[in-house]
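# Notes for the structure review
Here is what each chain is made of, one letter per residue.
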Amino acid sequence: ILIQTTRATTASYTCHVLLAMAAAAAIASSTKEVLPPALGAVSEPPPLFDGTTRLYICYICPFAQRAWVTRNCKGLQEEIKLVAINLEDKPAWYKEKVYPQGTVPSLEHDGRVTGESLDLIKYIDTNFQGPALLPQDPAKRQFADELIAYADAFTKALYSPLISQVAMSDEAVAALDKIEAALSKFSDGPFFLGQFSLVDIAYVTILERVQIYYSNLRNYEIAKDRPNLERYTEEMNKIEAYKQTKNVPLALLDAAKRHLKANTTFLQVLFFIPFGLYYRY
């Protein structure tokens, strides 16, 4: 009876989440969005700063994907136009005229450009219509701030063994265990705050990749003996606004293998995560 009750509660909660998001992401939930081609070095820029709100992304970048998922979850496919940038053949005008840092994501909105993915997902949530992606509950809001602040450290901990080409690290295991524990803090749903939120967006695009990389390159399953993480992944994969942004696993794996051969280290650049094709320079 207890098992049946738990399953019924989970099913009811998932249904509630999906119904709440359906209205906000009606376009994404009905048909797959037609994505624009990535712009390269010889591509002309869009009509910049003409009043159109544009989200500049790279399709394979986990950081840009965060902003893309946020856009979709709030049902802003018509209000925020995607502009895909080829980071391996980047057009000069992007850095010169749009975003001096030259990284993605960035958002052209109201005559200015905002960047940095964790800041940007909060900006989109605050400045555009659609369902709020952070709760009002003070305890959940505080925990959300803590987890979002930890997201960069989590990313570094999980990518470092791959970049340094070691089998695993205590730091990576500890980071995964920390996330597993965080997923049990609230019991009113399968997500970090119980209910779906920006925290899930901050982590899922990283988890999407490291699950593939560790499984195929290190023979390590990140969700093994971590039931909360396994359940979380299953529930995230039911959310259409996120599914619309997912990459083909083999494409991510091929990118990982290709960039591993470059022998790039943290000492050679300020911050380089090869598998996401995210660069700072």
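Scope of this entry: the structure provided in the associated data block. (Residues numbered from 1 in each chain as written. Predicted model: local features only at pLDDT ≥ 70, side-chain atom pairs only at ≥ 80, totals over all residues. Heavy atoms only, no water.)

Glancing now at the state of the cysteines. Summed over all chains, the structure comprises 0 disulfides. No disulfide involves C61; its sulfur sits 6.0 Å from that of C58, the nearest cysteine. (Disulfide = S-S within 2.5 Å.)

A few words now on the sheet that holds strand β4 (residues 112–115). Taken in spatial order, the 4 strands line up as β2-β1-β3-β4 in an open sheet, and their pairing is mixed. Single-partner strands in this sheet number two, and they are β2 (80–84) and β4. Between one strand and the next, the sheet's axes are offset by a mean angle of 25°, whatever the strand orientation. (Pairing = 2+ DSSP bridges. Helix = DSSP H or I, 4+ residues; strand = E, 2+ residues; numbered from the N terminus. Axes fitted to C-alpha atoms, helices over the stretch in contact; angles between N-to-C directions.)

Contact geometry of helix α6 (residues 138–163) with helix α8 (residues 198–217) gives a least axis separation of 9 Å together with a crossing angle of 15°. The orientation of α6 relative to α8 falls into the category roughly parallel. For the pair α6 and α8, the crossing hand works out as left-handed. Taking contact as the criterion, the partners of A144, L147, I148, Y150, A151, F154, T155, L158, Y159, P161 and L162 in α6 are, on α8, L198, V199, Y203, I206, L207, R209, V210, Y213 and Y214. Residue composition of the contact of α6 with α8, grouped by class: 18 nonpolar, 1 polar and 1 charged. (Parallel < 35°, antiparallel > 145°, perpendicular 65-115°, else oblique. Left-handed = near helix turned anticlockwise from the far one by under 90°. Contact = heavy atoms within 4.5 Å. Nonpolar A, V, L, I, M, F, W, Y, C, P; charged D, E, K, R; others polar.)

Turning next to the pattern of salt bridges. Where side chains of opposite charge bring their charged atoms close, a pairing between them can arise. Here the structure, examined in full by the defined rule, presents 10 salt bridges. Measuring nitrogen to oxygen at the nearest pair gives 3.6 Å for the salt bridge that ties K81 to E78. For K81, a relative accessible area of 36% translates into the label partly exposed. Residue K140 pairs with D188 through a salt bridge whose shortest N-O separation is 2.5 Å. (Salt bridge = Lys/Arg side-chain N within 4 Å of Asp/Glu carboxyl O. Buried < 20%, exposed > 50% of the residue type's maximum accessible area, 1.4 Å probe, protein only.)

For the rest of this paragraph, the subject is the nonpolar core. Within the largest apolar cluster, 81 residues are counted, with the highest numbers of intra-cluster contacts made by L55, I85, F154, L158, F192, Y203 and Y232. Here this core spans two domains, and each of domain 1 (54–127) and domain 2 (138–260) adds at least three residues to it. Those residues in contact with I85 that sit more than four places away from it in its chain are A38, L39, Y56, I57, C58, K90, P91, W93, Y94 and V104. (Core = buried A, V, L, I, M, F, W, Y, C linked by side-chain atoms within 4.5 Å. Domains from an automatic or database assignment.)

For the rest of this paragraph, the subject is the pairing of β2. Most of β2 is tucked away: 4 of the 5 residues are buried. In terms of handedness, the path from strand β1 (residues 53–57) via helix α3 (residues 62–73) over to β2 forms a crossover that is right-handed. (Right-handed = clockwise from strand over helix to strand, strands pointing away.)

Here we come to the environment of L48. Residue placement: L48 occurs in the loop between α2 (26–30) and β1. A residue is classified by how much of its surface remains accessible, and L48, at 21% relative accessible area, is partly exposed. The spacing of L48 and E108 is 60 residues in sequence and 8.4 Å in space, taken between C-alpha atoms. The residues touching L48, leaving out its near neighbours within four places in the chain, are R54, Y56, K97, V98 and E108.

Before going further, it helps to examine the packing of α8 against helix α9 (residues 227–236). Any two packed helices are characterised by how steeply their axes cross, that is the angle between the axes, and by the distance between the axes. The contact between α8 and α9 brings their axes to 11 Å, and the two run at 100°. Considering their axes alone, α8 and α9 lie roughly perpendicular with respect to each other. Here D200, Y203, V204 and L207 of α8 lie close against α9, whose contacting residues are L229, Y232 and M236. The residue inventory of the contact of α8 with α9, partitioned by class, reads 6 nonpolar, no polar and 1 charged.

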